[in-house]
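So the chains spell out like this:
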Amino acid sequence: MVAPITDNTVVSPPIPEVNTALANQLGNIENVVTLTMQQYTLGSLILMVSYGACFAFILFFLMSVQNLAPRYRLVPILSAVVMASAGLSLLQEFSLWKDSYAFVDGLYRPLAENETFTNAYRYGNWTITVPILLTQLAIAMGLRQGEIQRRSLRMGVPAVLMIWTGLYGQFGEVGDFSHLNLWGVVSSIFFLWLILEVRQTLIAGISSTPDILKPWPNNLWWFFLATWGLYPIAYALPQLGATAEIVIARQGIYSLADIASKLIYGIILARFVLRRSAYEGYMPAAEALASAPEKPNTGGPGLRRAP
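For the structure given in this document, a descriptive report is provided here. These numbers come from a predicted model, not from an experiment.

### Regarding the pattern of salt bridges
Now for step 1: A complete count under the given rule lists 10 salt bridges for this structure.
Now for step 2: In this structure, Asp 258 engages Arg 122 in a salt bridge whose closest nitrogen and oxygen atoms are separated by 2.8 Å. With Asp 258 in helix H10 (residues 244-279) and Arg 122 in helix H5 (residues 120-140), the pair connects residues that are 136 residues apart, well separated along the chain.
Now for step 3: Its relative accessible area of 6% is what places Asp 258 among the buried residues.
Now for step 4: The buried category is assigned to Arg 122, whose relative accessible area is 1%.
Now for step 5: Linking Lys 214 and Asp 211 is a salt bridge whose minimum nitrogen-to-oxygen distance equals 3.3 Å.
Now for step 6: Residue Lys 214 is classed as partly exposed on the basis of its relative accessible area of 29%.
Now for step 7: On the basis of relative accessibility, which here comes to 63%, the residue Asp 211 falls in the exposed class.

Listed below in structure tokens is the structure:
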């Protein structure tokens, strides 16, 4: 009797088709691009490091408060708020990244379980954090209370308009790029308005800044241009092609810009207001810097301890 022939071949599950029509409707290139294991892992690491860095520095900024003159203490407190908000947003992006890809036949394919990926949560977070970052700048420049409110409003209006026009435009990343480019131009106009307002805020603060610290606002201006200028690059990148390399590069640029413009920016402002507190005669700040300042403001108050 001849034994029956059995087929022990393992049949792989069918590869799910990417719902291109749905992806075109939703607009983000992540929904039409397949990733290798290495690319998917790299994207996961980029997002994980981003939210981890934000959460890790919350305590740093809160601990920075105690050495500052009272008028500047809100600067690191606001940085801690920014870190918490940005960390939660990036954690949501990380969770969405994991849920929207499925591992099939050695590749990570989008639209898993019809779950879509979007960068919109970044824009939502920027709507919260960018006005806070700009208010920090006005406070750090030592402006009077009324001037802080006025300058913050003048910077905040173009900032929010820039973010929301960019948010609307980024849904045109697949197919016809006219939507992406049209709203990218509109967003860029608001960005130019914003950087002019930032420049005016820095100029307004230089007059009351101790001479030895006056290079800081000018350097901060160039730092602002370099870091915030990364966002338009990431926004326009999908036009180079809906490829895995573009997907990973854009996540990297967005995360680099977020860390630089929020975390590193917060550290720079914290160090600036610490030195400013010392040069304005606040003893805890001078002690934190290891020695009393050599050139306190002429005619300013003497060094004094915390009340």
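### Let's talk about the layout of surface pockets
Now for step 1: In this structure, the largest pocket occupies an estimated 380 Å³ of space.
Now for step 2: Residue lining of the largest pocket: 21 residues in total, with Met 162, Ser 187, Tyr 231, Pro 232 and Tyr 235 positioned closest to the centre.
Now for step 3: Elements with a contribution of two residues or more to the lining of the largest pocket: H5, helix H6 (145-169), helix H7 (178-206), helix H9 (230-236) and H10.
Now for step 4: With 5 residues, H7 is the largest single contributor of residues to the lining of the largest pocket.
Now for step 5: Grouping the amino acids of the lining of the largest pocket by side-chain chemistry returns 13 nonpolar, 7 polar and 1 charged.
Now for step 6: Taken as a whole, the second largest pocket holds about 160 Å³ of empty space.
Now for step 7: Among the elements of the structure, H5 and H6 are those that each provide at least two residues to the lining of the second largest pocket.

### Considering the pairing of strand S1 (residues 101-104)
Now for step 1: Two elements, S1 and strand S2 (residues 107-110), share 4 bridges in a ladder whose sense is antiparallel. Following the sheet pairing, Ala 102 is matched in S2 by Arg 109.
Now for step 2: Joining the antiparallel neighbours S1 and S2 is a turn of 2 residues, in which Asp 105 adopts a positive phi near 55°.

### Considering H5
Now for step 1: Counted at 1.5 Å a residue, the expected span for H5 with its 21 residues is 30 Å, and the 30 Å between its end C-alpha atoms agrees.
Now for step 2: Bending of H5 peaks at approximately 35° at the position of Trp 126.

### Regarding unusual backbone geometry
Now for step 1: The phi torsion at Asp 105 lies on the positive side, around 55°, for a residue other than glycine.
Now for step 2: Mapped onto the secondary structure, Asp 105 falls in the loop between S1 and S2.
Now for step 3: A positive phi angle is found at Leu 111, which is not glycine, with a value near 60°.
Now for step 4: Here Leu 111 is to be found in the loop between S2 and H5.

### Description of the packing of aromatic side chains
Now for step 1: Taken as a whole and assessed by the stated rule, the structure comprises 19 aromatic pairs.
Now for step 2: Residues Tyr 51 and Phe 55 carry aromatic rings whose centres are separated by 6.2 Å and whose planes lie at 65° to one another, so their mutual orientation is edge-to-face. Of this pair, Tyr 51 and Phe 55 both sit in helix H2 (residues 37-56), 4 residues apart, which is roughly one turn of the helix.
Now for step 3: The exposure class assigned to Phe 55 is partly exposed, which follows from its relative accessible area of 31%.

Each value, and the rule that gives it
- Residues numbered from 1 in each chain as written.
- Predicted model: local features only at pLDDT ≥ 70, side-chain atom pairs only at ≥ 80, totals over all residues.
- Heavy atoms only, no water.
- Salt bridge = Lys/Arg side-chain N within 4 Å of Asp/Glu carboxyl O.
- Helix = DSSP H or I, 4+ residues; strand = E, 2+ residues; numbered from the N terminus.
- Buried < 20%, exposed > 50% of the residue type's maximum accessible area, 1.4 Å probe, protein only.
- 1 Å grid on protein atoms, 1.4 Å probe; cavity = no way out; pocket = protein on both sides within 12 Å on 5 of 7 lines; lining within 4 Å.
- Points joined across faces, edges and corners; volume = space filled by probe spheres on them.
- Nonpolar A, V, L, I, M, F, W, Y, C, P; charged D, E, K, R; others polar.
- Pairing = 2+ DSSP bridges.
- Expected span 1.5 Å × (residues − 1).
- Bend = angle between axes of the 7 residues up to and from the residue.
- Phe/Tyr/Trp six-rings, centres within 6.5 Å; stacked < 30°, edge-to-face > 60°.

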